[in-house]
Amino acid sequence: MAVATFGAGCFWGVEEIYRTLEGVSNTSVGYTGGKTDNPTYQEVCSDTTGHAEVVQVTYDPAVTSYEALLDVFFDNHNPTQLNRQGPDFGTQYRSAIFVETEQEREMAEKKIAALNASGRFKKPIATKIEAAATYWPAEDYHQQYLLKRGLTSCHI
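So, here is what we can say about the structure in this document. Because the structure is a prediction, the values reported are computed rather than measured.

Considerations on the pairing of strand β2 (residues 24-32)
Of all nine residues making up β2, seven are buried, and the element is well covered by its neighbours. Relative to strand β8 (residues 136-137), β2 runs antiparallel, the two sharing two bridges. For Gly30, the partnering residue across the bridge sits in β8 and is Pro137.

This is how it looks when you write it as structure tokens:
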């Protein structure tokens, strides 16, 4: 099993997308990339801790690839927006890929370059590639938030 961590705005909808993918055995929402140990949702929402809301995906590379997870990431949020997704804004909603290895960094860089060259988006990709940092799971009520409410998305 392998782990991948993505920040694509509010983590509820992103988790639901990854949770249902073939080859994914677990998803967890939480916070990473900041300066505070064990941050709370309220602290992260203050936009002062430096953390991003993220989904950590545990997957079987024999069933789904890291590149396929990158495709899902870029297909399910607007990667051209800096520090916002829809009505949510602040650095905690940044588009970010938290890489575990140099190979993951290279795949992410290649994907961003290809998307920028493709003309698919009218603006350049704003997604940051950051080294994986300590992952802090979010509070229990955030885990599988949409599933618990019988929802499949939180799009407005």
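Overview of the sheet that holds β2
The strand order across the open sheet built from six strands is β7-β6-β1-β3-β2-β8, with neighbouring strands paired in mixed fashion. Both edges of this open sheet fall to β7 (128-131) and β8, since each of them pairs with a single strand only. Both strand β6 (residues 95-99) and β7 contribute to a ladder of four bridges, which runs parallel. Considered in β7, the bridge of Phe98 is made with Glu130. Along the sheet, helix α4 (residues 102-118) makes contact with β1 (2-8), β3 (52-59), β6 and β7, crossing β7 at roughly 175 degrees.

Looking at the pairing of β1
Summarising burial for β1: six of the seven residues are buried, a large majority. Pairing geometry for β1 and β3, over five bridges, is antiparallel. For Ala2, the partnering residue across the bridge sits in β3 and is Tyr59. In terms of strand pairing, β1 meets β6 through four bridges, oriented antiparallel. Within β6, the position partnered with Ala8 by the bridge is Ser95.

About the thresholds
- Residues numbered from 1 in each chain as written.
- Predicted model: local features only at pLDDT ≥ 70, side-chain atom pairs only at ≥ 80, totals over all residues.
- Heavy atoms only, no water.
- Buried < 20%, exposed > 50% of the residue type's maximum accessible area, 1.4 Å probe, protein only.
- Helix = DSSP H or I, 4+ residues; strand = E, 2+ residues; numbered from the N terminus.
- Pairing = 2+ DSSP bridges.
- Contact = heavy atoms within 4.5 Å.
- Axes fitted to C-alpha atoms, helices over the stretch in contact; angles between N-to-C directions.

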